[in-house]
Amino acid sequence: MSETILSLKNLSASFGGITALSDVSIEVKKNSVVGLIGPNGAGKTTLFNCISGLVKSDSGTFEFEGKVRPFPKPHELVDLGITRTLQGVGLFKELSVIQNVIIGADKNYKPNFMKEIFGLSGKVEAGLVQRAEEALAWVGGSAFIDKKPSDLSYPESKRVALARALVINPKLLLLDEPAAGLGQDEIDALAALIKQLKRRCSILIVEHHVDFVREISDEVSVLNFGKLIASGHYDEVKRNPAVIEAYLGHSDNSGENSKLGA
Ligand SMILES: Nc1ncnc2c1ncn2[C@@H]1O[C@H](COP(=O)(O)OP(=O)(O)O)[C@@H](O)[C@H]1O
Ligand SMILES: [Mg+2]
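Now for a description of the structure that goes with this document. These figures come from a predicted structure and were not determined experimentally. (Residues numbered from 1 in each chain as written. Chains lettered and ligands numbered in written order. Predicted model: local features only at pLDDT ≥ 70, side-chain atom pairs only at ≥ 80, totals over all residues. Heavy atoms only, no water.)

## Observations concerning the pairing of strand β3 (residues 33-37)
With five of its five residues buried, β3 lies for the most part within the structure. Burial of the side chains of β3 extends over both faces: V33, G35 and I37 are buried on one face and V34 and L36 on the other. Here β3 runs beside strand β8 (residues 202-206); their pairing, made up of four bridges, is parallel. Directly across from V34, in β8, lies its bridge partner L204. As paired elements, β3 and strand β9 (residues 219-224) share four bridges and run parallel to each other. Bridge pairing in β9 links G35 to V220. (Buried < 20%, exposed > 50% of the residue type's maximum accessible area, 1.4 Å probe, protein only. Helix = DSSP H or I, 4+ residues; strand = E, 2+ residues; numbered from the N terminus. Pairing = 2+ DSSP bridges.)

Dropping the structure here:
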């Protein structure tokens, strides 16, 4: 029996009158990849925001490594071993690439953390620099170390954002649309990297590129209008009538339905 690292039960969240998540339960097993898919506005990012304390859930339970605990506050994530990448990139322009990676180890994730960790001596803990260099190496970004975010292409910045999430050696990695805006070669490289990473951690991933999701995910969960409509192996889920209906019903998701795969 594989162990569960994250179990969310009956999670609900709303913004004013809008229900973004309704009674959603999701489980992530250790060293597995769970793909979270669903049309735009389905609640995928909100689910990440609930796990990472950016959105307060209305109800639900949060169990991590077998312990039920309150949903984490953002500053508790590093100690728990949970990190995420943002939808988009979100690097700090004023920091170098290596500093942007190091900041992933900061509980408060603020640029002025750099002043704190570099301190008066201007030195940062050697172990942390080494971990940041290793994280950049994993993502194939060693050549960017001394560059600024403005020197990088979009795919290169996404690699750096991923390195920032890896710098703490997370137990659980949340990736929000990591393949968005990437070309096929970059997507293939990312898929290979994710397969390696899951030997070290568990991964919950939101992604629209369904071929990519199918390739990397052990299981997928499908959200639609804030509700979990299916979960299981990709090939089972894609045949589920509710899933087909959800994708066909969203004409604004240009071609997503056709990408559900043959
Ligand atoms: N900060 C927010 N304030 C108000 N409404 C929000 C906020 N974030 C998300 N929503 C709403 O919650 C729903 C789910 O959004 P989101 O989680 O971003 O969906 P997805 O990531 O699946 O595209 C949408 O109706 C969206 O408009
Ligand atoms: Mg989103």
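Now that the structure is up, let's keep going.
## A closer look at the nonpolar core
Among the nonpolar cores identified, the biggest contains 40 residues, and L136, L173, I194, I203 and F212 are the most heavily contacted of them. Of all the elements in the fold, those that place two or more residues in this core are α3 (97-102), α5 (126-138), α6 (154-166), β7 (172-176), α7 (184-197), β8 and α8 (210-216). Both of domain 1 (1-81 + 170-262) and domain 2 (91-164) provide at least three residues apiece to this core. Sequence-distant contacts of I194, that is, excluding residues within four places in its chain, are made with V33, L175, I203, I205, F212 and I216. Of all hydrophobic cores here, the second largest spans 28 residues; its members include L36, F48, L174 and V206. (Core = buried A, V, L, I, M, F, W, Y, C linked by side-chain atoms within 4.5 Å. Domains from an automatic or database assignment. Contact = heavy atoms within 4.5 Å.)

## Notes on the sheet that holds strand β1 (residues 4-15)
Strand order in this open sheet of four strands is β2-β1-β4-β5, and the pairing throughout is antiparallel. Each edge of the sheet is formed by a strand with only one pairing partner; in this case those strands are β2 (18-29) and β5 (67-69). Strand-to-strand twist of the sheet, defined as the mean angle between neighbouring strand axes without regard to direction, takes the value 20 degrees. Where β1 and strand β4 (residues 59-64) come together, five bridges link them in antiparallel fashion. Bridge pairing in β4 links L8 to F62. (Axes fitted to C-alpha atoms, helices over the stretch in contact; angles between N-to-C directions.)

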